Amino acid sequence: MTLTSDLLRGLNEQQHAAVTLPAQHALILAGAGSGKTRVLTTRIAWLIASAQVSPQGLLAVTFTNKAAREMLNRLSAMVAVNLKLMWVGTFHGLCNRMLRAHHRDAGLPASFQILDSQDQLAAIKRMLKAMQIDEDKVAPRNLMHFINACKESGQRAASVEAFDDYNRRFVELYSAYEVQCQREAVVDFAELLLRSYELLQRNQLLRDHYQLRFRHILVDEFQDTNALQYRWLKLLAGAGNAVFAVGDDDQSIYGFRGADVGNMMAFEREFRVDNLIKLEQNYRSAGHILDCANALIEQNNARLGKALWTDAGAGEPVRVQELVSDAGEAQWLVEQIKAIVRDGDRRSDVAVLYRSNAQSRVIEHALFSATIPYRVYGGLRFFERAEVKHALAYLRLIEQDDDDGAFLRVVNFPVRGIGARSLEQLQDLAKRRSCSLMAALAAGAESGLSTAALSRLRQFQQLIHGLRQATVMLPLADAVQKVIEQSGLAQHYSLEKEGQERLENLQELVNAAASFVSEDLPLAENLSPLAAFLSHASLEAGEHQALAGDDAVQMMTVHSAKGLEFQHVFITGLEEGLFPHENALSEARGLEEERRLMYVAITRARERLYLSFAQTRMLHGQTRYHIRSRFIEELPQAHLKWLSPRAQARWGPSSGEPYTLGGGLDSPGFGAGTGGDHLLSFERHAQAATAGVSLRIGQNVRHERFGDGVVVSLEGRGTDSRAQINFGRQGLKWLALSVAKLQLP
DNA sequence: TCGGTTCAGAGTATT
DNA sequence: TCTGAACCGA
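Residues numbered from 1 in each chain as written. Chains lettered and ligands numbered in written order. Predicted model: local features only at pLDDT ≥ 70, side-chain atom pairs only at ≥ 80, totals over all residues. Heavy atoms only, no water.

A look at the protein's contact with DNA strand B
Surveying the vicinity of DNA strand B reveals 26 residues, the closest of which are Asn 65, Ser 117, Arg 355, Asn 357 and Glu 587. Near-protein atoms of DNA strand B (within 4 Å) split between backbone and bases, with sugar and phosphate holding 49%. Note that a base oxygen of DNA strand B is positioned 2.6 Å from one of the side-chain N or O atoms of Arg 355. Contact distances for DNA strand B include 3.3 Å between a sugar or linking oxygen and a backbone N or O atom of Leu 539. If you list the elements that add at least two residues to the surface near DNA strand B, you get α25 (558-561) and α26 (582-585). Classifying every residue of the surface near DNA strand B gives 7 nonpolar, 14 polar and 5 charged. (Near = heavy atom within 4 Å. Polar contact = N/O pair within 3.5 Å; in protein donor to acceptor, adjacent residues only side chain to side chain. Helix = DSSP H or I, 4+ residues; strand = E, 2+ residues; numbered from the N terminus. Nonpolar A, V, L, I, M, F, W, Y, C, P; charged D, E, K, R; others polar.)

Remarks on the sheet that holds strand β1 (residues 26-30)
Ordered in space as β3-β2-β6-β7-β1-β8, the 6 strands form an open sheet in which the pairing is parallel. Either end of the sheet is taken by a strand with one partner, and the two such strands are β3 (87-90) and β8 (275-279). Sheet twist, expressed as the mean angle between neighbouring strand axes with direction ignored, is 15 degrees. Alignment of β1 against β8, held across 5 bridges, turns out to be parallel. By the bridge assignment, Ala 26 is partnered in β8 with Asn 275. Sheet strands in contact with helix α11 (residues 227-237) are β2 (58-62), β6 (216-219) and β7 (242-247), and its direction is about 165 degrees off that of β6. (Pairing = 2+ DSSP bridges. Axes fitted to C-alpha atoms, helices over the stretch in contact; angles between N-to-C directions. Contact = heavy atoms within 4.5 Å.)

Section: the confidence of the model for chain A
Of the residues in chain A, 88% have a pLDDT of 70 or more, and the chain-wide mean is 87. For the stretch residues 650-687, pLDDT sits under 50, and the model shows 93 contacts to residues farther than four places along the chain or on other chains. (pLDDT = per-residue confidence, 0-100.)

Describing the protein's contact with DNA strand C
If you check the shell around DNA strand C, you find Lys 125, Arg 361, Met 618, His 620 and Gly 621 and nothing else. Put simply, 56% of the atoms of DNA strand C that lie within 4 Å of the protein are in sugar or phosphate. Note that a phosphate oxygen of DNA strand C is positioned 3.1 Å from one of the side-chain N or O atoms of Lys 125. Between DNA strand C and the protein, one listed contact pairs a sugar or linking oxygen with a side-chain N or O atom of Arg 361 at 3.3 Å.

Focus: the nonpolar core
Counting residues in hydrophobic clusters, the biggest one holds 65 residues, and the most contacted among them are Leu 143, Ile 217, Trp 232 and Phe 267. It is α11 that contributes the most residues to this core, 7 residues altogether. When sequence neighbours within four positions are dropped, the list of residues in contact with Phe 267 reads His 25, Ala 26, Leu 27, Phe 222, Tyr 230, Val 243, Ala 245, Arg 272 and Val 273. Core analysis: the second largest hydrophobic core is formed by 52 residues, Phe 413, Ile 418, Ala 513 and Leu 527 among them. (Core = buried A, V, L, I, M, F, W, Y, C linked by side-chain atoms within 4.5 Å. Buried < 20%, exposed > 50% of the residue type's maximum accessible area, 1.4 Å probe, protein only.)

Let's talk about the packing of aromatic side chains
Tallied over the entire structure, the rule returns 22 aromatic pairs. Aromatic side chains Tyr 210 and Phe 214 sit 5.8 Å apart centroid to centroid with 10 degrees between the ring planes, which places their arrangement in the stacked category. Here Tyr 210 matches Phe 214 in class, with each residue buried. Ring centres of Trp 332 and Tyr 610 lie 6.1 Å apart, and the angle between their planes is 75 degrees; on these two criteria the pair is classed as edge-to-face. (Phe/Tyr/Trp six-rings, centres within 6.5 Å; stacked < 30°, edge-to-face > 60°.)

If you want it as structure tokens, here you go:
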């Protein structure tokens, strides 16, 4: 057993204080790069090492599997105890574990399957079709959002109040969806949480059991919790347990998916938290970068308040570059990255961040043309690939017959002559008997199906049945291999022109199964290896593109960069409308969340941070003109180094010089230091007329109501022409030039 | 059952 | 402009 003094060595004062807090509720405000994970894991190790709690008395919850793994990895290096006794995992993983253990009390069959978002949407579409509801009337996606939002606020269909007919319709469909899921023995992600919550709420014995057991509950990324997760924690904590919540309100960037920073304040209040510790010393970024981050986030009103500092020195100022176009920005990036590599750093030390995925294409194109290897985060993950989902569908049917989603996915894949009409008839029969498709098949010949069709369906049934018998005694990997072969998937893809990669992915699935067996199976308490593997496959979508090992430039959205750090960081597309995103500006707390997003982006950088923006950008097939982001204005000039001449921006009526977009365009020195002609190539003389006044992009104008503004974009001709004008604090507005009375100031 | 055409929509995302 | 999904004809 590690000595507690060893564990605590090297912690700063605040970290030390947090780790050694008494067994009471605590809120740790952990700034970016302040050693949050270290504090969390050391706290656990310290609790164990100082014999305050045994591993089975601990529950630690995270949002991602990656974070949970990281925590376990670090812990195993710190303490020599059986970590499997602890409950460490994601909210969904832990809820799954609880539901597996008490499936009967939760009203679920032992073999219930988990739907990922794809599956859920497919299930909803299928339901709408069966109910003969036109997708034009009810958009499946909207319904899905509605259902998930209900569940995340703890509401069952029966308890949702409908305000109008439209709403009432949705509630009815929510109800029908609940019935369908129950019949098919499937639960979606939100359901895992809600069921687990209801289980604890309803069942006092169980609640007492878990409350007595988990003396210490630790929560990572507390600012990302949603309403239901918060209530779940509250229920689990009961009166006697200590909740150690770690989070950073300034890094709350998931409001759009239900995360509520307010939970941090609620926690402080409702749990009567006396121990609030701020971790403000930053071990990641150089001083100039931190000062920028601090200055930026100070502009937000809704915060608990903290400021990062470092003793590592000021480092290099933050570089800022204006470009003429998105293509120019990409070209500039290429040159900068080449220079970085020339100076001896690795490409993988460089991250290119952007606000939205669409922005990656131009950059990819430039990197590709320059033969610079890159890796884009996002996109399809391993367990989401079609061929992998097909194989999983067979496995699910082996485990659980009633899964109509899985049935329909593979009943005719590979093709075995079972067409849409046969399936419709089978579905009708299943509906009449309110049973699953497989059950309908077993039951009846009174389906109206032709003998031939029925026989083909029966063959499929036999296939599943046979696979079940053939695999039950096999080791998991062998079972998966057998299913891939016997189902015909292997042959199907081997005959397909471009099936090679898919075959490889199927082989990878076998490998995943093999390594899964050798992994610890904390949730396999009384679960077959196959059932456990299927849970794993649904709860962990796997790596994005595992091109690990390659020395490639890292490209990702700011959201997916959260939690990561890089030596060199480029934040691109810093333009009004893009970052902050125009959609966010019309949301209640949108701008502050965008600013937090920028704060996250800035604090990813260790040594060097680059900010870039372009005057024009191709967006939705149109060239758009943007002015630079207000977030650049909000950074203290003393910490910036402008690589291109800094044009004056006018933000609102009160601020200084008139804005001239691309003030250096006419001068040959524009873009000095980079030397690419892309900087000079753009001809920008879009013009339109209003009341005899000629307008161009960048023109200053005055409006009687909105005050002074600057022309950002021009559209149309003659009497149809419109101008988008940025009126600073009044916002961006489109004005029809034939109507608006604009003057030159 | 596949392959082409048409059409809408185009912020961020984990489980 | 580009993508994905839905739809239709062979």
